2 protein chains.
Amino acid sequence: MHADTRQQIVAAADTLIYEQGYATTSFAHIADAVGISRGNFWHHFKSKDEILDAVIAARLDATRAMLAGWEACADEPRGRLRCFVQMLLDHGEAIGRHGCPVGTLAGELGKLAHPLHPRVAELFALFRGWLRQQFQALGHGPARADALALHLLMRSQGVAVLAQSLKDPVFVRREVRDALAWIDAQAPEAAPRRRRAPRYHRSPR
Amino acid sequence: MHADTRQQIVAAADTLIYEQGYATTSFAHIADAVGISRGNFWHHFKSKDEILDAVIAARLDATRAMLAGWEACADEPRGRLRCFVQMLLDHGEAIGRHGCPVGTLAGELGKLAHPLHPRVAELFALFRGWLRQQFQALGHGPARADALALHLLMRSQGVAVLAQSLKDPVFVRREVRDALAWIDAQAPEAAPRRRRAPRYHRSPR
DNA sequence: GTCTATAGATTGATAGAC
DNA sequence: GTCTATCAATCTATAGAC
């Protein structure tokens, strides 16, 4: 083929980086996956990091599309938030094997203080902003909506990390159920704001 | 030196693996850190994986000692659970830079289906069992205590992952506060078990 | 635009002198 | 027990033919 070789490289690199990490993924691996020669890479990219940059850009686009899809799927914010949590079940098998694509890559690049780590952090920012919008649509103020967004994002990351080592679908299902119940309890109308009232959470399940 | 060279190797490898990951850590790095020659490693270890195995064993010992220390620090289960959560603040700077030592290594080895991944999972099992004991001491049954233990473990992992990319101490402090409030709400006496009662959680903060 | 050939460095690991 | 010297493989990257 001719034109979309670059795109094939990015797609193969995306998969390999997710499945085995960035440091472990070599040009030889990608070349085998795409079916091209090693020396062919430097016509499309100047360095390995440049491939990573393209992979991150592709993931940012895919994430934006996914978030837009969730908005089309449900017209009320609670339903949209449920889509986010449901993701843990939809991709349960992949998460159990390779963890969260965002969290694991961010962790690897963060350790190395890699110059592209901030780019991966933009993926987190994308989810954070979208979740914050949903909580604001539920009636929360910007600051509280942001805190709730980060809390839900934190839960998804924690579940993904443990899912990879526990290999226990029951754990994931229970935490998903708990997160959904937590969402339902976050609407200001469902949780009347009595200032300084004793907090009262039961979870999980 | 003579006798404790092996111990020095393990200590240096432990630090480097935490700071930059296992795949990225080479014999050259460890040799520089310890101040020995590269060829000297194979008198103490047969392979790189054998060093990793020794590092994991050392971490298991250190974790057991840490858990025992928390038991000595507080004689009631709630105080001990607070020690666990407090860990996120005590090691906040390191977690912000390199993530959780357990979670990040488990993630890296899990991706590769590395033969030593189950050994790292033992670290999770250590925390899980200890946390379950504390929740049982609070009066919870074994199954529910285990679920609560995993939930708290999940939170610690989620906070660690996001802390590394957000670099926002406010987020960590808020989630720590929320986790502490969650712990206080988990005592059966604090949360009377009305079967099928509507769950009511507010968090974070 | 894709290939082969190769450079130059680094990897994990071995052999053998001291 | 530690060293130097070295091996074979692999790494990212380059040069140049087609």
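Here the structure is a predicted model, which is why all the values come from computation and not from measurement.

Attention now moves to the packing of aromatic side chains. Aromatic rings in a pair are described by how distant their centres are and how their planes are angled relative to each other. The final tally for this structure, using the stated rule, is 14 aromatic pairs over all chains. Relative to Phe-84 of chain A, the ring of Trp-70 of chain A lies with its centre 6.1 Å away and its plane at 80°, an arrangement referred to as edge-to-face. In this pair, Trp-70 of chain A is assigned in helix α3 (residues 48–73) and Phe-84 of chain A in helix α4 (residues 77–90), connecting sequence segments 14 residues apart. Of the two residues, Trp-70 of chain A and Phe-84 of chain A, both sit in the buried class. On the numbers, 6.1 Å between centres and 80° between planes, the contact of Phe-41 of chain B with Trp-42 of chain B is edge-to-face. Residue Phe-41 of chain B is classed as buried on the basis of its relative accessible area, which comes to 0%. Judged by its relative accessible area of 46%, Trp-42 of chain B is partly exposed. Through pairs of rings, three or more aromatic residues link up here, namely Trp-70, Phe-84, Phe-127 and Trp-130 of chain A. In this structure, Lys-48 of chain A is placed above the aromatic ring of Tyr-22 of chain A, and the distance from its NZ or CZ to the ring centre is 4.4 Å.

Next up on the list: the nonpolar core. One finds Phe-84, Phe-135 and Leu-152 of chain A together with Phe-84, Phe-135 and Leu-152 of chain B to be the most contacted residues of the largest nonpolar core, which totals 126 residues. Once you skip the residues sitting within four places of it in the chain, Leu-152 of chain A turns out to touch Leu-81, Phe-84, Val-85, Leu-131, Phe-135, Ala-179, Trp-182 and Ile-183 of chain A.

A separate point is unusual backbone geometry. All names here are of chain B. For Ala-113, which is not glycine, the phi torsion reads 50° and is therefore positive. Summarising the element assignment, Ala-113 is placed in the loop between α6 (101–111) and α7 (117–137). Phi at Lys-167 takes a positive value of approximately 55°, unusual for a residue other than glycine. Tracing the chain through its elements places Lys-167 in the loop between α8 (142–166) and α9 (169–184).

Since one α-helical turn is 3.6 residues long, residues separated by three or four positions face the same way. All names here are of chain A. Of all 11 residues making up helix α6 (residues 101–111), 10 are buried, and the element is well covered by its neighbours. Those residues of α6 not exposed but buried are Val-102, Gly-103, Thr-104, Leu-105, Ala-106, Gly-107, Glu-108, Leu-109, Gly-110 and Lys-111. Backbone geometry just downstream of α6 places Ala-113 in the positive-phi region, at approximately 50°.

Further remarks concern the packing of helix α1 (residues 5–20) of chain B against helix α2 (residues 27–34) of chain B. Residue and element names in this part refer to chain B. Between α1 and α2, the least distance of the axes is 9 Å, while the angle of their chain directions is 125°. Of the possible angle classes, the one that applies to α1 and α2 is oblique. Our pair here, α1 against α2, has a crossing hand that is right-handed. For the pair α1 and α2, contact is made by Gln-8, Ile-9, Ala-12, Ala-13, Leu-16 and Gln-20 and by His-29, Ile-30, Ala-33 and Val-34, respectively. Of the residues belonging to the contact of α1 with α2, the class tally is seven nonpolar, three polar and no charged.

Here we take up the environment of Cys-73 of chain A. Mapped onto the elements, Cys-73 of chain A comes out in helix α3. C-alpha separation for the pair Cys-73 of chain A and Cys-83 of chain A, spaced 10 residues apart in sequence, amounts to 8.3 Å.

This paragraph deals with helix α1 (residues 5–20) of chain A. If you check α1 of chain A, its first and last C-alpha atoms are 22 Å apart, about what 16 residues at 1.5 Å a residue would give, namely 22 Å. Within α1 of chain A, the full set of buried residues consists of Thr-5, Ile-9, Val-10, Ala-12, Ala-13, Leu-16, Ile-17, Tyr-18 and Gln-20 of chain A. Against the buried residues of α1 of chain A lie α2 (27–34), α3, α5 (92–98) and α6 of chain A together with α6 of chain B. Positive phi shows up at Gly-21 of chain A, right after α1 of chain A, with a value of about 90°.

Under the criterion given, the structure shown has zero disulfides over all chains. In this model Cys-73 of chain A remains outside any disulfide bridge; the closest cysteine sulfur is found in Cys-83 of chain A, 4.8 Å from its own. You can see Cys-100 of chain B has no disulfide; the closest cysteine sulfur is in Cys-100 of chain A, sitting 16 Å from it. Residue Cys-100 of chain B is classed as buried on the basis of its relative accessible area of 15%.

What counts as what
Residues numbered from 1 in each chain as written. Chains lettered and ligands numbered in written order. Predicted model: local features only at pLDDT ≥ 70, side-chain atom pairs only at ≥ 80, totals over all residues. Heavy atoms only, no water. Phe/Tyr/Trp six-rings, centres within 6.5 Å; stacked < 30°, edge-to-face > 60°. Helix = DSSP H or I, 4+ residues; strand = E, 2+ residues; numbered from the N terminus. Buried < 20%, exposed > 50% of the residue type's maximum accessible area, 1.4 Å probe, protein only. Lys NZ or Arg CZ within 6 Å of the ring centre and 35° of its normal. Core = buried A, V, L, I, M, F, W, Y, C linked by side-chain atoms within 4.5 Å. Contact = heavy atoms within 4.5 Å. Axes fitted to C-alpha atoms, helices over the stretch in contact; angles between N-to-C directions. Parallel < 35°, antiparallel > 145°, perpendicular 65-115°, else oblique. Left-handed = near helix turned anticlockwise from the far one by under 90°. Nonpolar A, V, L, I, M, F, W, Y, C, P; charged D, E, K, R; others polar. Expected span 1.5 Å × (residues − 1). Disulfide = S-S within 2.5 Å.

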